[in-house]
Every structure is written in C-alpha cells, then in structure tokens.
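The primary structure of each chain is shown beneath.
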Amino acid sequence: MEQIKDNYNGALQKPLGSGFTALSTTTDVIKDINLTGKTAIVTGGYAGIGLETVKTLILAGAKVIVPARDINKAATNLTGVPNVMIKAMDLMDPASIDTFAVDFLKTAEPLHILINNAGIMWVPLQRDVRGHESQLATNHLGHFQLTALLWPALKKAYGARVINVSSYGHQIAPFNFDDPNFLHRHYETLSAYGQSKTANNLFTVELDHRGKDFGVRSYSLHPGSVNGTDLGRAASVELFQQMGMFDADGNIFPEVAARLKTVEQGAATSAWCATSPQLDHIGGVYCENADVADLDFGDIEHKYDDPLTLRGVKPYAVDEGNAKKLWALSEEMTGVKFAAN
C-alpha cells in the first residue's frame with residue numbers, strides 16, 4: 001500500500017495517540033528533548049503562549065530569536081531569559097519583514113524551528129500599508145512573507161519545522177477568495193479572524209507538500225482557550241457575551257474560567273509540534289492538545305462555554321484546491337515569489 005505523503009483533504013488528520021492531553025504542559029512535552037545547537041525564531045515570543053514557547057525551547061537548549069513590534073515590551077518581558085535575542089519586526093510592515101529576514105540570512109546560520117505565533121484577534125477594521133485587512137495581514141500574509149524569505153535558512157537545517165499557530169476560530173469562516181480584504185462586503189471581525197486562521201491551516205498543508213523533499217515540515221495548531229493572554233484585548237464585552245462566555249455584567253462565567261487552559265498548557269502544542277519525534281514522518285497536519293486533530297464533518301458538538309469541546313479541523317481548511325489557490329494568492333498579495341526549491 002502506498003504511503004500517504006500529503007495532508008491534502010485531511011488524508012493524515014487522525015490522532016496519533018501521542019500520550020498527551022488537553023492538560024499536558026510544556027514541561028511534559030519537552031521532556032527528553034535536546035535542542036542544543038538549534039536556532040529558533042518565534043514571532044510574538046514576548047507575551048502569552050509565545051513567551052512560554054520561547055522559555056520552553058531555551059530550556060531544551062535552543063537559541064531563540066524573537067522578532068518584536070514592541071521592542072521595549074519584549075525587553076521587559078524577556079528580562080532574565082538567557083539565549084534570546086530581540087530584533088525589530090512588524091508583521092503589518094512588509095519592509096520590516098524584509099529587513100529582519102535579510103539580517104538573519106547574513107549570519108549564514110541554519111534555521112531549525114520557525115514558529116509563526118504572533119497574531120491579533122477580533123479587532124476593528126484596519127489595513128496594513130498595502131491595504132490588506134489587518135487580521136489577514138498579521139496572522140497570515142506577514143508570516144507567509146517571512147517564511148518565504150527565510151526559506152534558504154530553513155533548507156540549510158536539513159530537518160526544519162515551521163509551526164503556524166492557528167485556532168479553532170478557523171471554524172468561524174472559510175477563506176473568502178472573492179473578497180479577502182472586505183472591499184465589497186460588510187466588515188465582520190469574527191469572519192476576518194476566522195478566514196485568517198483558515199489561511200494558517202491551508203498555508204501549512206501546501207508548505208509541507210512543497211517543503212518535505214527539502215526536510216522542511218510544517219504544522220498548524222489550536223492552542224486551546226487560554227487564560228492569561230492579551231489576545232482578545234481589542235474585543236468588545238458584547239462579543240464575549242454573544243459567545244456565551246461572559247455574563248450580563250461583563251464578567252467571565254466562573255465555570256468557563258475553570259475550563260480555560262493555563263499558559264503552560266496552551267503553549268504545549270506549539271512545543272510538541274516544534275520538537276516531537278512522533279511527527280518525524282508526518283506533516284501538513286492541524287494539531288490540538290499535543291496530538292493530531294480529527295477532521296470535523298459537523299459531527300463534533302461545540303459549546304463555547306466548554307472550551308474543551310472546541311476541537312477538530314474543518315475540511316475546507318485542509319482542502320487541496322484551497323491550499324494551492326491560497327498559495328498563489330498569497331504570492332500575489334505579498335509580492336513575494338515563494339519558490340520552494
């Protein structure tokens with residue numbers, strides 16, 4: 001029987017039985033992992049699960065570079081963390097992505113792990129300097145550009161991994177190829193977020209297809225609903241109430257809060273995807289709770305007041321045609337030709 005090589009159409013979307021659960025932490029998944037001599041880049045690695053991911057990789061022996069839009073905040077939050085270097089970069093500013101990537105390539109170092117972790121969520125309508133909607137620009141297009149520019153260093157690692165931090169939020173909306181920038185339709189922040197996370201998954205599928213012959217594998221993931229991050233800082237109270245997470249007074253329901261992951265649990269899947277030998281021969285998959293997720297054909301019951309039920313990946317987010325179409329559109333929107341060869 002021929003071995004399935006790609007996750008096109010979710011062909012590989014089956015839990016591995018990794019031994020980990022929603023309660024597993026970064027300490028659990030990094031046990032016995034040695035990253036001595038390895039270099040990692042973690043975008044947004046100075047807050048929330050990104051910061052925890054950086055600390056975890058360093059604990060395992062890696063050297064980590066953190067591109068930061070807010071240098072002062074990064075310096076403060078990373079105070080006392082060894083083997084970390086902060087460099088300026090803003091995912092909404094293509095020129096800064098170019099500068100960051102060129103500076104890294106000048107070192108001639110291989111890049112073993114790239115974790116595209118930074119993201120924004122549920123923000124009002126904003127656009128980057130190219131006119132692209134901000135959630136799509138930050139969560140996908142900026143990372144597409146960064147990954148494309150760092151491609152020579154990823155190939156040089158002979159076993160690199162690219163991790164795209166997605167979300168269950170991809171289930172809110174498929175990618176709208178007709179109007180990704182909300183130029184001809186009413187702006188709805190949840191839909192914009194959803195399509196940006198769908199884009200993370202589709203990018204992962206196609207990147208793994210193109211990269212695996214060069215030893216570059218790619219994974220996307222849902223970290224879970226995590227307490228102690230500032231990701232939803234721009235969202236209105238009404239939005240959380242609409243989703244059944246907040247009460248009439250704008251406070252999170254205690255039973256919901258009790259089911260949220262800690263930051264250490266939320267970062268566990270990022271660390272697992274970046275390092276686990278269980279993934280040595282599989283790529284392009286969407287993961288959750290430190291394992292490969294199930295395909296969701298509409299047969300999984302989801303309750304926003306019970307975050308652990310928010311799981312599974314939609315078929316449209318791992319669809320082969322959508323993945324190829326998004327790749328071409330991303331090259332067009334960023335102006336970056338990503339020839340994975």
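Residues numbered from 1 in each chain as written. Predicted model: local features only at pLDDT ≥ 70, side-chain atom pairs only at ≥ 80, totals over all residues. Heavy atoms only, no water.

Trainee: Is there a simple way to explain the pairing of strand 1 (residues 39-42) in this structure?
Mentor: If a strand is regular, its side chains alternate between the two faces of the sheet. The alternating pattern of strand 1 places Thr 39 and Ile 41 and Ala 40 and Val 42 on opposite faces, both of which are buried. As defined by bridge partners, strand 1 adjoins strand 2 (residues 63-68) across 3 bridges and the pair is classed as parallel. Among the inter-strand pairings, Ile 41 is bridged to a residue of strand 2, identified as Ile 65. Note that the unit made of strand 1, helix 2 (residues 48-59) and strand 2 has a crossover that is right-handed. Relative to strand 4 (residues 113-116), strand 1 runs parallel, the two sharing 3 bridges. Within strand 4, the residue paired with Ile 41 across the bridge is Leu 114. (Buried < 20%, exposed > 50% of the residue type's maximum accessible area, 1.4 Å probe, protein only. Helix = DSSP H or I, 4+ residues; strand = E, 2+ residues; numbered from the N terminus. Pairing = 2+ DSSP bridges. Right-handed = clockwise from strand over helix to strand, strands pointing away.)

Trainee: When you look at the environment of Phe 104 in this model, what are you seeing that I'm missing?
Mentor: Take Phe 104: it is sitting in helix 4 (residues 94-106). Residue Phe 104 is classed as buried on the basis of its relative accessible area of 4%. If we ignore the near neighbours within four places in the chain, the residues touching Phe 104 are Thr 39, Ile 41, Ile 65, Glu 109, Pro 110, Leu 111, Leu 150 and Ala 153. (Contact = heavy atoms within 4.5 Å.)

Trainee: Help me out: how do you make sense of the side chain of Arg 217 in this one?
Mentor: Tracing the backbone through its elements, the reader meets Arg 217 in strand 6 (residues 217-222). Looking at Arg 217, the relative accessible area reads 14%, which means it is buried. Among the polar contacts made by the side chain of Arg 217, one reaches the side chain of Asp 208 at a distance of 2.8 Å. Aside from chain neighbours lying at most four places away, what touches Arg 217 is Lys 5, Ala 160, Arg 161, Val 162, Asp 208, Lys 212, Asp 280, His 281, Ile 282 and Gly 283. (Polar contact = N/O pair within 3.5 Å; in protein donor to acceptor, adjacent residues only side chain to side chain.)

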